[in-house]
Amino acid sequence: MKKLAILGSTGSIGKNCLAVARYLGEDALQIFALAAKSNIDLLEQQAKEFHPQLIAVYDADQALLLQKKLPHIPVLSGLEGLEAVATYQEANFVVSAMSGAVGLAPTLAAIQAKKDIGFANKEVLVAGGELVMSLVKKHGIEFIPIDSELTAIFQCLKQEPTKAVHRLLITASGGPFRNYTEEQLATVSVEQALNHPNYRMGPKVTIDSSTLMNKGLEMIEAHWLFGMPLENIEVIVHPQQIIHGMVEFVDNSILAHLCDPDMLVPIQYALTYPDRLPGSLAPFDFLKHGTLQFSLPDRQKFRCLNLAYEAIRQGGSLPCYMNAANEVLVHQFLNKKIPWNNIARTLETLMSAHPTRALNSLDDILAVDKMAREETLAF
Ligand code: MG
């Protein structure tokens, strides 16, 4: 049985993890610890339903308020609180779904405490790929992707020797602006960008889907997670998002992973791995999905994808820098401070001015993340 600690239980992934726990019941999944940044109203509801033994709220004031409402459960705060949840003794599986650099230290703490991990937090591999994967190997833990594209490739790769693999293929919806002209892209609104064709997700990842940065980040994650060189990872636009990822082997055959585009499927797989338990969605309907289309991404219109390739090509601190700068720019767009076009444009300018350096520790990663945020805000 999996005994879960969830970092980021009030976000989109965290809520779906709890939906899976509710559906599968306590014989399959038990909730031992929950952590969130600040949404104590939802945390309170979750605590009353799932009875965790420990809670952490990153925001200290909110933690105090929640402790008053839940006097029988210890409510910790700050980074220490998050790390206490990540390393909680009774838990054997930690969901890393707290977005931003704040999720990185608790995830590293969980790996060092030999917890198996399901990760959805992009920073874990985009900013910390080299360090994180070396710790995963050193501590011999299971490190399971939750993201739909990564879990697809993970499942297709199972038990295949590396030398049999030719390419990893990551599919992309293409976002809501797939067929827009340059002129149309210059004036897109926040509301249009938040209207993802297939998934309902948090605002940050939805905007990243509209710029294709999300695919860039997934490509970087795949590079680290599967130890695959950049040249052997490709992004294919597939608007229906029925195929989530594929592996092409040296004999030119391909394994693909298909299911309805709903995060409950990859989340349940990660939470029950290596078992497969009955799912909550209706069986796949082939008659509803009679057409699957494929094309190549337009890298001129969607510059962010190229920037991600460039970041990993140069390596060192550049992917970490790009990730943090992008996050700030996406929030500026969401707050209607910059046009959509400026996300890629400003990111490119900032990245080309960044002197790449080696990242040897968590402190190095956090320092570059902080610098990127400050430089982007000052731009
Ligand atoms: Mg994805």
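Residues numbered from 1 in each chain as written. Predicted model: local features only at pLDDT ≥ 70, side-chain atom pairs only at ≥ 80, totals over all residues. Heavy atoms only, no water.

Asks: Looking at this structure, how should I read the pattern of salt bridges?
Replies: Should their charged atoms come close, side chains of opposite charge can pair. Per the stated rule, a full pass over the model turns up 17 salt bridges. E44 is the salt-bridge partner of K69, the closest N and O atoms lying 3.9 Å from each other. Of the two residues, K69 is situated in helix α3 (residues 60-69) and E44 in helix α2 (residues 40-50); the sequence distance between them amounts to 25 residues. Between E327 and R373 there is a salt bridge; the shortest N-O distance is 3.4 Å. Separated by 46 residues along the polypeptide, E327 in helix α15 (residues 318-334) and R373 in helix α17 (residues 362-378) bring together distant segments of the chain. (Salt bridge = Lys/Arg side-chain N within 4 Å of Asp/Glu carboxyl O. Helix = DSSP H or I, 4+ residues; strand = E, 2+ residues; numbered from the N terminus.)

Asks: Even after reading the chapter, I still don't get the domain arrangement of the chain, so can you show me in this structure?
Replies: Accessible area lost upon the coming together of the parts is a frequently used measure of interface size. The domain architecture assigned to the chain consists of domain 1 (2-121) and domain 2 (149-261 + 287-378). Measuring from the centre of the C-alpha atoms in domain 1 to the corresponding centre in domain 2 gives 27 Å. The partner domain 2 presents twelve residues to the eight residues of domain 1 that form the contact. Overall, the association of domain 1 and domain 2 removes approximately 590 Å² of surface from exposure, summing both partners, and the carbon and sulfur fraction of that is 74%. (Domains from an automatic or database assignment. Contact = heavy atoms within 4.5 Å. Buried area = accessible area lost by both parts, 1.4 Å probe.)

Asks: In this structure, what is going on with helix α13 (residues 264-272)? I would like to understand it.
Replies: Note on helix geometry: an α-helix contains 3.6 residues per turn, so any two residues three or four positions apart are oriented the same way. Most of α13 sits out of view: eight of its nine residues are buried. Among all positions in α13, only L264, P266, I267, Q268, Y269, A270, L271 and T272 are buried. (Buried < 20%, exposed > 50% of the residue type's maximum accessible area, 1.4 Å probe, protein only.)

Asks: Would you mind going over the nonpolar core with me for this structure?
Replies: Nonpolar side chains tend toward joint burial in soluble globular proteins. In terms of nonpolar packing, the biggest core is built from 127 residues, with F143, L168 and M322 touching the most fellow members. Broken down by element, the residue count for this core peaks at ten residues, all from α15. Residue-level mapping places this core at the junction of two domains, with at least three residues from each of domain 1 (2-121) and domain 2 (149-261 + 287-378). Ignoring any residue separated from it by four or fewer positions in sequence, one finds M322 in contact with M213, L217, I220, L307, A308, A311, L347 and M351. (Core = buried A, V, L, I, M, F, W, Y, C linked by side-chain atoms within 4.5 Å.)

Asks: Just checking my understanding: could you explain the sheet that holds strand β2 (residues 29-36) for this structure?
Replies: Backbone-to-backbone hydrogen bonds join strands into a sheet, with any given pair of strands oriented parallel or antiparallel. Read from one edge of the open sheet, seven strands run β4-β3-β2-β1-β5-β6-β7, paired in parallel fashion. Either end of the sheet is taken by a strand with one partner, and the two such strands are β4 (75-77) and β7 (143-145). Neighbour to neighbour, the strand axes of the sheet diverge by 25 degrees on average, direction disregarded. Running over the sheet, helix α4 (residues 78-86) touches β1 (2-7), β2, β3 (54-57), β4 and β5 (93-96) and is turned about 145 degrees from β3. Most of the contacts of helix α5 (residues 104-112) go to strand β6 (residues 116-119), to which it runs at about 150 degrees, and overall it touches β1, β5, β6 and β7. (Pairing = 2+ DSSP bridges. Axes fitted to C-alpha atoms, helices over the stretch in contact; angles between N-to-C directions.)

Asks: In this structure, what is going on with the environment of E218? I would like to understand it.
Replies: Tracing the chain through its elements places E218 in helix α12 (residues 213-225). With a relative accessible area of 0%, E218 lands in the buried category. A sequence separation of 119 residues divides E218 from K337, and the C-alpha atoms of the two residues are 27 Å apart. Sequence-distant contacts of E218, defined by excluding residues within four places in its chain, comprise K122, D147, E149, L150 and I170.

Asks: How do you make sense of α12 when you look at a structure like this?
Replies: Under the 1.5 Å per step criterion, the end-to-end length of α12 is 18 Å for 13 residues, consistent within 8% with the ideal 18 Å. In terms of burial, α12 is a largely internal element, twelve of the 13 residues being buried. Inspection of α12 places M213, N214, K215, G216, L217, E218, M219, I220, E221, A222, H223 and L225 among the buried residues, and these make up the whole buried set. Two residues or fewer past α12, G227 is found with a positive phi of approximately 60 degrees. (Expected span 1.5 Å × (residues − 1).)

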